[in-house]
Amino acid sequence: MTKPIAKIGLRKNVRSGLHKNERRIPKGVIHVQASFNNTIVTVTDVRGRVVSWASAGTSGFRGTRKGTPYAAQATALNAIRTVSDQGMQRAEVMIKGPGLGRDAALRAIRRSGMLLSFVRDVTPMPHNGCRPPEKKTYVERKIKDIPRERNDSMI
């Protein structure tokens, strides 16, 4: 039995849809999540689909260096480099977290030449929600004063 020959040009054999690199994105959203240990930069289109992302770990930093401002700057540049090739010119910036990389990532985004429509801080803040955990109490050992001997001659 011979196998049937696939006809060239059928819809099954042709890859339909846009390739990832060929998609043109004029406007997007840059999400910067800066924690004390790492910085993650995610670039999405307006609908929220992820186009590009980078973290301090993927940028080549390991250990405690991932939380530094320089690592956040390099991370932001790596994430933006790919989307600028796809034609993104305008962006909104959402910054979340208390880390050191907040300002450094924003500075790198501004220097990249992308037009920023607004910068918003979306760090979650509780409105007196959950009760915080109790503070740990440490037993302090106090050195008791050694009683001084009284000398009757001094009185």
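Residues numbered from 1 in each chain as written. Predicted model: local features only at pLDDT ≥ 70, side-chain atom pairs only at ≥ 80, totals over all residues. Heavy atoms only, no water.

Looking up the protein chain in an unreviewed UniProt entry gives the name Small ribosomal subunit protein uS11c, with the organism given as Platanthera zijinensis. The protein chain has a UniProt comment under Sequence similarities (unreviewed entry) that states "Belongs to the universal ribosomal protein uS11 family." Entered under Subcellular location (unreviewed entry) in the UniProt record, the comment concerning the protein chain runs "Plastid". (UniProt positions renumbered as here; feature names shortened; annotations may be inferred.)

Looking now at the packing of aromatic side chains. Here the structure, examined in full by the defined rule, presents 1 aromatic pair. Seen from their ring centres, Phe 61 and Tyr 70 are 5.9 Å apart, and the 85° between their planes marks the pair as edge-to-face. Looking at Tyr 70, the relative accessible area reads 55%, which means it is exposed. (Phe/Tyr/Trp six-rings, centres within 6.5 Å; stacked < 30°, edge-to-face > 60°. Buried < 20%, exposed > 50% of the residue type's maximum accessible area, 1.4 Å probe, protein only.)

Glancing now at the environment of Val 41. Secondary-structure assignment places Val 41 in strand β2 (residues 39–45). Look at Val 41 and you get buried, because its relative accessible area is 0%. Each C-alpha atom of the pair Val 41 and Gln 73 lies 10.0 Å from the other, and the pair is 32 residues apart in sequence. Non-local contacts of Val 41, meaning those with residues more than four positions away in its chain, are made with Ile 30, His 31, Val 32, Ser 52, Trp 53, Ala 54, Thr 75, Ala 76 and Ala 79. (Helix = DSSP H or I, 4+ residues; strand = E, 2+ residues; numbered from the N terminus. Contact = heavy atoms within 4.5 Å.)

Take the sheet that holds strand β4 (residues 90–96) next. One open sheet holds the 5 strands; their spatial order is β3-β2-β1-β4-β5, and the pairing between them is mixed. The two strands at the open ends of the sheet, each matched to only one other strand, are β3 (50–55) and β5 (115–121). Averaged over all adjacent pairs, the angle separating strand axes in this sheet is 15°, with direction ignored. Both strand β1 (residues 27–34) and β2 contribute to a ladder of 7 bridges, which runs antiparallel. Bridge assignment links Gly 28 to a residue of β2, and that residue is Asp 45. Against the sheet, helix α1 (residues 69–85) makes contact with β1, β2 and β3, and its axis sits at roughly 155° relative to β3, the strand it touches most. Running over the sheet, helix α2 (residues 101–111) touches β1, β2, β4 and β5 and is turned about 165° from β5. (Pairing = 2+ DSSP bridges. Axes fitted to C-alpha atoms, helices over the stretch in contact; angles between N-to-C directions.)

Before going further, it helps to examine unusual backbone geometry. In this model, Asn 128 sits at a positive phi of 55°, which is unusual for a non-glycine residue. Relative to the elements of secondary structure, Asn 128 occurs in the segment after β5.

Once that is clear, we can look at the environment of Arg 110. Among the structural elements, Arg 110 can be located in helix α2. Arg 110 gets classed as exposed once you look at its relative accessible area, which sits at 54%. Other than its neighbours up to four places away in sequence, Arg 110 contacts Leu 116 and Val 119.

Further remarks concern the pairing of β5. In summary, the side chains of a regular strand alternate between the two faces of the sheet. Alignment of β4 against β5, held across 5 bridges, turns out to be parallel. Looking at the pairing, Ile 95 lines up with Asp 121 of β5.

Let's shift gears to a nonpolar patch on the surface. Among the surface-exposed residues, Ile 40, Val 50 and Trp 53 lie close enough to one another that they form a single nonpolar patch of about 290 Å² accessible area. Following the sequence through the fold, Val 50 ends up in strand β3. (Patch = residues over 30% accessible without salt bridge, like charges linked within 9 Å, V, L, I, M, F, W, Y side chains within 5 Å. Areas by Shrake-Rupley, 256 points an atom, 1.4 Å probe, with all protein chains shown as cover. Salt bridge = Lys/Arg side-chain N within 4 Å of Asp/Glu carboxyl O.)

Pairing of β1 with β4 involves 7 bridges; the strand directions are parallel. Bridge pairing links Val 29 to Glu 92 in β4. In textbook terms, the turn of a hairpin is the stretch between consecutive antiparallel strands, and for β1 and β2 this stretch comprises 4 residues.

Ile 30, Val 32, Ile 109 and Met 114 are the most contacted members of the largest nonpolar core, which has 22 residues in total. Contributing elements (two or more residues each) for this core: β1, β2, β3, α1, β4 and α2. With near-sequence residues (within four places) excluded, Ile 109 lies in contact with Ile 30, Val 32, Ala 76, Ile 80, Val 93, Met 114 and Leu 116. (Core = buried A, V, L, I, M, F, W, Y, C linked by side-chain atoms within 4.5 Å.)

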